[in-house]
Amino acid sequence: MISAPGPVAPGNVEGPELETASASLDRNGNGPVPRHVAIIMDGNGRWATARGLPRLAGHKAGAEAVRRALQAAADAGVEVLTLYAFSSENWRRSDEEIADLTGLMRFYLERELDKLMDEGVKLRLIGDYRAFGPDLSQRLESAVERTAGNSRLTLVVALNYGSRRELAQVASALARRAASGEIDPETIDEAAIESELDTAGLPELDLLIRTSGEVRLSNFLLWQSAYSELLFTPVLWPDFGEQAFNDALEQYSQRQRRYGGR
Ligand code: FPP
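A quick note: this is a predicted structure, and the numbers were derived from the prediction, not measured.

A look at the site of the ligand
Item 1. What surrounds the ligand is a group of 15 residues, the closest being Met 41, Gly 45, Arg 46, Arg 55 and Arg 93.
Item 2. Within the contact set of the ligand, an oxygen atom lies 2.7 Å away from a backbone nitrogen or oxygen of Arg 46.
Item 3. A distance of 2.8 Å separates an oxygen atom of the ligand from a polar atom in the side chain of Arg 93.
Item 4. Alone, the ligand offers 620 Å² of accessible surface; in the complex the protein occludes 91% of this.
Item 5. Its atoms largely coinciding with the cavity grid, the ligand occupies the largest pocket.
Item 6. For the shell around the ligand, the secondary-structure elements that each account for two or more residues are helix H2 (44-50), helix H3 (55-76) and helix H4 (95-118).

Written out as structure tokens, the structure is:
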């Protein structure tokens, strides 16, 4: 069966590739499956407070929700799942909570690495993760290396990530290349910017989900979400399971993406 060509997003020089971005059907041949889904995982603290538990308990439950989302994404045929695990603004939290979160990431990384290998998951990082220190950085880098040959799903973890800083770094990189004569400033276009983003080479972001009822992007993937479908759900992140993920994909499949056309 030949599918109708989809709309082409401006700024993507490889338009024909994007046509398939929203045209792949799910396992039952039903609706288009997003190639790239990102999630702002919010509500761990409120989940814990509602149960009279410390915030750490909410983050632990949030880490379990990460496992479920990853499984649901792989089962649905999503190619890339990007998770906002720690924003550049999260340093404002207490030292204790930051230590809890980094400890949890270290624990999760150790416990889940074999599973990521079994499931064919490739790990990729965005953001300035080296701020977490040499120990965690090395563990993260070795996990990236170990999973580099996997191809079923790419899990992108945003660590110490902030979109405005990412864009400032892109500007700085392009300015350096122009100053050295490597590129002509007049030729800097959208593709040149995309090639310097942390997300370079990943498919266009199709669907961005935020849990917990907050309705804002909080400095996450501002460039990349220009044409994404946005979905805000009141569900707190630790309660976000396979059913909630599949409901989000269902809502996505019913949206019509026009990229500014009619
Ligand atoms: C937002 O909830 C969540 C975070 C800042 C951290 C997300 C971390 C995890 C899900 C656990 C570990 C992650 C990985 C990748 C293993 P919040 O604390 O802002 O909740 P609140 O708004 O209710 O206080």
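Regarding the environment of Glu 145
Item 1. Among the structural elements, Glu 145 can be located in helix H5 (residues 134-146).
Item 2. For Glu 145, a relative accessible area of 65% corresponds to the exposed category.
Item 3. Considered as a pair, Glu 145 and Arg 124 are 21 residues apart in the sequence and their alpha carbons are 9.2 Å apart.

So, the pattern of salt bridges
Item 1. This structure, assessed with the given rule, holds 22 salt bridges.
Item 2. The residue Arg 35 makes a salt bridge to Glu 79 at a minimum N-O spacing of 3.0 Å. Taken together, the residues Arg 35 in the loop between helix H1 (15-19) and strand S1 (36-40) and Glu 79 in the loop between H3 and strand S2 (80-87) connect sequence positions 44 residues apart.
Item 3. A salt bridge links Asp 128 to Arg 165; its shortest N-O distance comes to 3.3 Å.

Quick word on unusual backbone geometry
Item 1. Phi is positive for Ser 218, close to 45°, though the residue is something other than glycine.
Item 2. With respect to the helices, strands and loops of the structure, Ser 218 is situated in the loop between strand S5 (207-210) and strand S6 (229-232).
Item 3. Under the relative-accessibility criterion, Ser 218 is labelled partly exposed at 29%.
Item 4. Even without glycine at this site, Leu 221 takes up a positive phi of about 45°.
Item 5. Tracing the backbone shows Leu 221 in the loop between S5 and S6.

Here is what the cut-offs are and how they apply
For every chain, the first residue of the written sequence is number 1, and numbering continues from 1 onward in sequence order. Side-chain atom pairs in this predicted model are given and counted only at pLDDT of 80 or more, local residue features only at pLDDT of at least 70, and totals for whole chains, interfaces and linings cover all residues. The side-chain values count all of the structure's non-hydrogen atoms but skip hydrogen atoms and water molecules. Residue proximity to a molecule or strand is established when one non-hydrogen atom of the residue lies within 4 Å of it. Pairing of N or O atoms within 3.5 Å defines a polar contact, subject to two protein rules: one partner must be a possible hydrogen donor and the other a possible acceptor, and residues neighboring in sequence count only if both atoms are side-chain atoms. For accessible areas, the Shrake-Rupley method is used with a probe of radius 1.4 Å. Any residue's cover is judged against the shown protein chains and nothing else. Points on a 1 Å grid over protein atoms alone make up a cavity when a 1.4 Å probe fits among them but cannot get out, and a pocket when they form an open set with protein on both sides within 12 Å along at least five of seven lines; lining residues each have an atom within 4 Å of a point. Should more than half of a molecule's atoms lie within 2 Å of a pocket's or cavity's grid points, that molecule is taken to sit in it. Secondary structure counts use DSSP, requiring at least four H or I residues in a row for a helix and at least two E residues in a row for a strand, with both numbered from the N terminus. Residue burial is assigned from relative accessible area. The probe radius is 1.4 Å, only protein chains are included, and a residue is buried under 20% of its type maximum, exposed over 50%, and partly exposed in between. Salt bridges are identified by distance alone: a Lys or Arg side-chain nitrogen within 4 Å of an Asp or Glu carboxyl oxygen.

Everything listed here is a matter of coordinates, which is why it stays silent on function.
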